[in-house]
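# Geometric and topological summary
Letter by letter, the chains look like this.
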Amino acid sequence: ARAVVLLGLSHGAAEAGAAAAQLFFVLAAWQFLQRGARRHADLEIALDTVLLTLLVAALLVQQHMPPTPVGELRTDQLLRLLTAAGGAAIVWTVLTWLLRHARFPSGAAGFALVGVGAYGVTSLVRALRAAPLAPGTAMTLELGWWLGLALVAVGGAVAPSPDPPVSPAPLHRPLLAPRIVVLNVAWIGLAWVVASSLRGGAPNPVLGALVVVGVVILSVRFSVALLADRRYAARLEQAVAEQTRSLSEALAQTAAAERELRLVMAAVPDAVVVLDAEGRVLDLNEAARAMVRASADTPPGRSLFEFLDPAAAKFVREKLALAFAGQLVSYEVPYNRDDGSSGTSWVSYAPVRTEGRIAKVIALARDVTDLRRTEAQLQQAERLASLGQMVGGVAHEVNNPAASIAAVAQALLLEPLTTEQRDLVQTMYTEAIRIGGITNNLLAFARGSGTARASVDVNELVRRTLALRAHRQAQQPYALRLELDTTEPHVWGNPAELQQVVLNLVLNAEQAMSATAEPATLTVRTAVTDTAVRLDVIDNGPGIDPEVAARVFDPFFSTRAGGAGLGLSTCYGLVKQHGGDITVDSSPGRGTIFTVTLPAERDRSLPPVSTSGAGGGAGPRTLVVEDEAGLRQTITRFLARRGIEAVAVADAEAARDALRRGAFDVVVTDVRLPGGGGATFAERLRQEQPALVGRVIVASGDLTSELAREMIAATGAATLEKPFDLNRLETLIREVARRPTAPR
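What you see is a predicted model, and the numbers here were worked out from it, not measured in a lab. (Residues numbered from 1 in each chain as written. Predicted model: local features only at pLDDT ≥ 70, side-chain atom pairs only at ≥ 80, totals over all residues. Heavy atoms only, no water.)

### A short note on the packing of aromatic side chains
Given two aromatic rings, one states the distance between the centres and the angle between the planes to describe the pair. One pass over the structure, following the stated rule, counts two aromatic pairs. For the ring pair F315 and Y331, a centre distance of 5.5 Å and an interplane angle of 85° mean the geometry is edge-to-face. Of this pair, F315 sits in helix α9 (residues 310-324) while Y331 sits in strand β3 (residues 329-336); the two residues are 16 residues apart in sequence, bridging distant segments of the chain. You can call F315 partly exposed: its relative accessible area is 31%. Here a set of aromatic residues connected by ring pairs shows up, and it is made of F315, Y331 and Y349. The ring of F305 has R317 lying over it, and the distance from NZ or CZ to the ring centre is 3.9 Å. The lysine or arginine in question, R621, covers the ring of F664, its NZ or CZ lying 4.2 Å from the ring centre. (Phe/Tyr/Trp six-rings, centres within 6.5 Å; stacked < 30°, edge-to-face > 60°. Helix = DSSP H or I, 4+ residues; strand = E, 2+ residues; numbered from the N terminus. Buried < 20%, exposed > 50% of the residue type's maximum accessible area, 1.4 Å probe, protein only. Lys NZ or Arg CZ within 6 Å of the ring centre and 35° of its normal.)

Shown next, in the form of structure tokens:
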């Protein structure tokens, strides 16, 4: 009996503890379920919540049938009622949470929620059993309690530190799972309540009212859901339409942007190439295709390194790696074109970043082949200018002794000599004149004569040019035939420029003849018509193909390896500047003829060259200013023999003293003088002896120098190039002496 009493008391205490624990589970579940993002309350949530509330109330009312006042309930009945109320509250809380939240919690929160739900359902089921529980059933329900408590314990053990409550946030995506759960629970619960009431006998009015209200709420709930679904479908259709329209507009904008980008790339004159990390061409513009001479139908995807030599490819690969490392890189590199030609390009890499990484590089390239050739030409021109200055100084120093030798030899020829002596002196005179011709040819070619033009003897120009190539002809012999017009054709032009034309044509012929197996023959022919002078340069080389002949005058076109392709184009430009024309006649196997046609000089009067003292009588009194003692003495002796009184001095100061002491008809002077240059002497002459300004003869070994041109321009002086013929000097002195004197 005591054991039964103790068991009853312990069982009653357990029931009381379980009922009291329900309150703490409800509070804990409510606090826990407030976390996380929740939907704003709307009509559907409100109806579902009311429906759940009615279901719980119906269950509690059904549990308390037949109705008994609370004060008359036994202790076990009251505890069972409290347990049922607590379990119903827990289930109501969990289902309400499902209605308000976006998704089922994961991790620790999921364990805790399942545990709380299991505990509430177990408590509710156990409390609804009016009959005493069988041992197996009681064990099963207690297992549900222990399982719920275990899941809650696991969730609490693995849960992180509690997060602060999050205010409800609007969730626009409909949550079907909680609705389905709530509706199914409502239907099942109402059906079970009705079935239980029917089995119990007398109906309970309160329970019936709750059932009726639940059915009404379910009907309203279905109507609201139907309307909400329709509204949602309409909003969904509207949203889809708006998204479709936005997508279409975005695609149109993207297409327009791509089209604009294509237009910009096409308008850029430089090559634009998009490269990946392996150097493959992802995209390029037409300027890039033209730069490498690629066909228009060549697709992207070729490798950049296809156009580079191995050494250049290694260099470019290093630069590309730097660009993909985020650096801006610029460099210059030689490249090969698809047509077999080569060039030089300046390249700049710009990395393109996508989502924080460099996926490709834009390469801007510019063909600088012509620019580098122009720079090389300018450097060559600067070297030629320096060479001209050096040659000018050397020519002056060489021409002075050569003039002295020639003058002495010419003076000796006037003396009675044996035949052998006369031959030796004549050879000395001829070689001295030849030295002067060589230096003058070098001066004319290396320095040029600017834009100054004069009467040019074409035959003499040909002879002087071929003399420059005499050494080459000795090294690589070829037959030279000169067929020069006997009327001595003259043109009005720049001697240095015309000599450059003849020299380039001769060089071109020599190079062509070096490739022929036949005995090489070079023919230079001149001819005169009423209006033009014709110059033909003919070689018996291998000839030129018609396709090549059509381009021989194009700049930078050359069929020789390493050739600059400027010689014939320069000839073309110079001949056109002189109002003439140049043509080529050639075919494979029959040699080549270059023909230059220039306007003939009209009304040309050449001063007679006297080889004797004809014109005799007392000659004009002449002042000779010459720093070479031997040449000075030879000139005075020769002029004295010709009846011309000559006073010779060595420098500019002595010349001014002589002019102050006596009167002179003509002044013969060099350009470079001790004690002051020729230009300074001419200025003093203008100030002190203005009448003699127009009676000056400049005799110099470098008439193309800046000093000589300034002096000639200041005085209008006649010129005589060293070494010179003394007879020519005598004739020029007599001509200048006949000029009218300038007014004082």
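Now that the structure has been shown, we can carry on.
### Thoughts on α9
A rise of 1.5 Å per residue sets the reference length of α9, with its 15 residues, at 21 Å; its end C-alpha atoms lie 21 Å apart and thus fit the reference within 8%. Within α9, the full set of buried residues consists of A312, A313, V316, L320, A323 and F324. Burial along α9 is one-sided: seen end-on, the buried residues are contained in an arc of 105°. Away from its buried face by more than 90 degrees, α9 exposes A311 and K314. Packed against the buried residues of α9 are β1 (271-275), β3, β4 (342-354) and β5 (357-367). In the stretch just after α9, G326 is the one whose phi turns positive, near 105°. (Expected span 1.5 Å × (residues − 1). Arc of directions from axis to C-beta. Contact = heavy atoms within 4.5 Å.)

### Here's the deal with helix α20 (residues 706-715)
Buried residues of α20: A708, M711 and T715, and no others. Considered in projection along α20, the buried side chains sweep an arc of 70° and stay on one side of the axis. Backbone geometry just downstream of α20 places G716 in the positive-phi region, at approximately 65°.

### Here's the deal with the sheet that holds β3
Here five strands make up an open sheet; going across it, the order is β2-β1-β5-β4-β3 and the pairing antiparallel. With one partner strand each, in any of the chains shown, β2 (281-284) and β3 form the two edges of the open sheet. In this sheet, adjacent strand axes meet at a mean angle of 30° when their direction is disregarded. As defined by bridge partners, β1 adjoins β2 across three bridges and the pair is classed as antiparallel. Within β2, the residue paired with V273 across the bridge is L284. Across the face of the sheet, α9 comes into contact with β1, β3, β4 and β5 while running at roughly 150° to β3. (Pairing = 2+ DSSP bridges. Axes fitted to C-alpha atoms, helices over the stretch in contact; angles between N-to-C directions.)

### Some details on unusual backbone geometry
With an omega of -15°, the peptide bond running from K722 to P723 counts as cis. Checked against the element boundaries, P723 lands in the loop between β17 (718-721) and α21 (726-737). Of note in the backbone geometry, E355 takes a positive phi value of approximately 55° without being a glycine. Following the sequence through the fold, E355 ends up in the loop between β4 and β5. For E355, a relative accessible area of 81% corresponds to the exposed category.

### Observations regarding the sheet that holds strand β16 (residues 696-700)
Across the sheet, which stays open at both edges, the five strands sit in the order β14-β13-β15-β16-β17 with parallel pairing between neighbours. With one partner strand each, in any of the chains shown, β14 (646-649) and β17 form the two edges of the open sheet. Between one strand axis and the next, the sheet turns by 20° as a mean value, whatever way the strands run. Here strand β15 (residues 666-669) runs beside β16; their pairing, made up of three bridges, is parallel. Residue T669 lies in a different strand from β16, and its bridge partner there is V698. Sheet strands in contact with helix α17 (residues 629-641) are β13 (622-625) and β14, and its direction is about 175° off that of β14. Where α21 meets the sheet, its contacts fall on β13, β15, β16 and β17, and the angle it forms with β17 comes to roughly 175°.

### Some points on the pattern of salt bridges
Summed over all chains, the structure comprises 24 salt bridges. Of the charged contacts in the structure, one is a salt bridge between K576 and D581, with a shortest N-O distance of 3.2 Å. A salt bridge links R660 to D657; the shortest N-O distance between them is 2.1 Å. Taken together, the residues R660 and D657, both in helix α18 (residues 652-661) and three residues apart, mark about one turn of the helix. Residues joined by salt bridges that share partners form a network here, namely R481, E483, R525, R534 and D536. (Salt bridge = Lys/Arg side-chain N within 4 Å of Asp/Glu carboxyl O.)

### Focus: the pairing of β5
Note that β1 and β5 share five bridges and pair antiparallel. Within β5, the position partnered with A271 by the bridge is A365. Sheet analysis places β4 next to β5, joined by ten bridges and oriented antiparallel. Directly across from Y349, in β5, lies its bridge partner A363. Hairpin connection between β4 and β5: a loop of two residues separates the two successive antiparallel strands, and E355 in this loop has a positive phi of roughly 55°.

### A short note on the packing of helix α12 (residues 458-468) against helix α14 (residues 495-513)
Contact geometry of α12 with α14 gives a least axis separation of 10 Å together with a crossing angle of 55°. Classified by the angle their axes make, α12 and α14 are oblique. Between α12 and α14 lies a crossing of right-handed hand. Between α12 and α14, the residues in contact are L461, R464, T465, L466 and L468 and P495, L498, Q499, V502, L503 and V506, respectively. Broken down by class, the residue content of the contact of α12 with α14 amounts to eight nonpolar, two polar and one charged. (Parallel < 35°, antiparallel > 145°, perpendicular 65-115°, else oblique. Left-handed = near helix turned anticlockwise from the far one by under 90°. Nonpolar A, V, L, I, M, F, W, Y, C, P; charged D, E, K, R; others polar.)

### Some remarks on a nonpolar patch on the surface
Taken together, the side chains of I405, V408, L412 and M428 make up a nonpolar region of the molecular surface, amounting to roughly 280 Å² of accessible area. Looking at the nonpolar patch, the element that brings in the most residues is helix α10 (residues 369-413), giving three residues. Note on placement: I405 falls in helix α10. (Patch = residues over 30% accessible without salt bridge, like charges linked within 9 Å, V, L, I, M, F, W, Y side chains within 5 Å. Areas by Shrake-Rupley, 256 points an atom, 1.4 Å probe, with all protein chains shown as cover.)

### Re the side chain of T595
Turning to its location among the elements, T595 is positioned in strand β12 (residues 592-599). Among residues more than four places away in sequence, those in contact with T595 are R534, L535, D536, D581, I582 and T583.

### What about the environment of P599?
Within the secondary structure, P599 sits in strand β12. Separated by 21 residues in the primary sequence, P599 and H578 place their C-alpha atoms 8.0 Å from one another.

### A closer look at the pairing of β15
Here β15 shows a buried face lined by V666 and V668 and a second buried face lined by V667 and T669. Pairing of β13 with β15, which is carried by four bridges, proceeds in the parallel orientation. Looking at β15, one finds that T622 is bridged to V666.

### Considering the confidence of the model for the protein
Confidence in the prediction of the protein, expressed as mean pLDDT, is 75, and 67% of residues score 70 or more. Here residues 169-174 scores under 50 on pLDDT; set against residues more than four positions off or in separate chains, the count is 13 contacts. (pLDDT = per-residue confidence, 0-100.)

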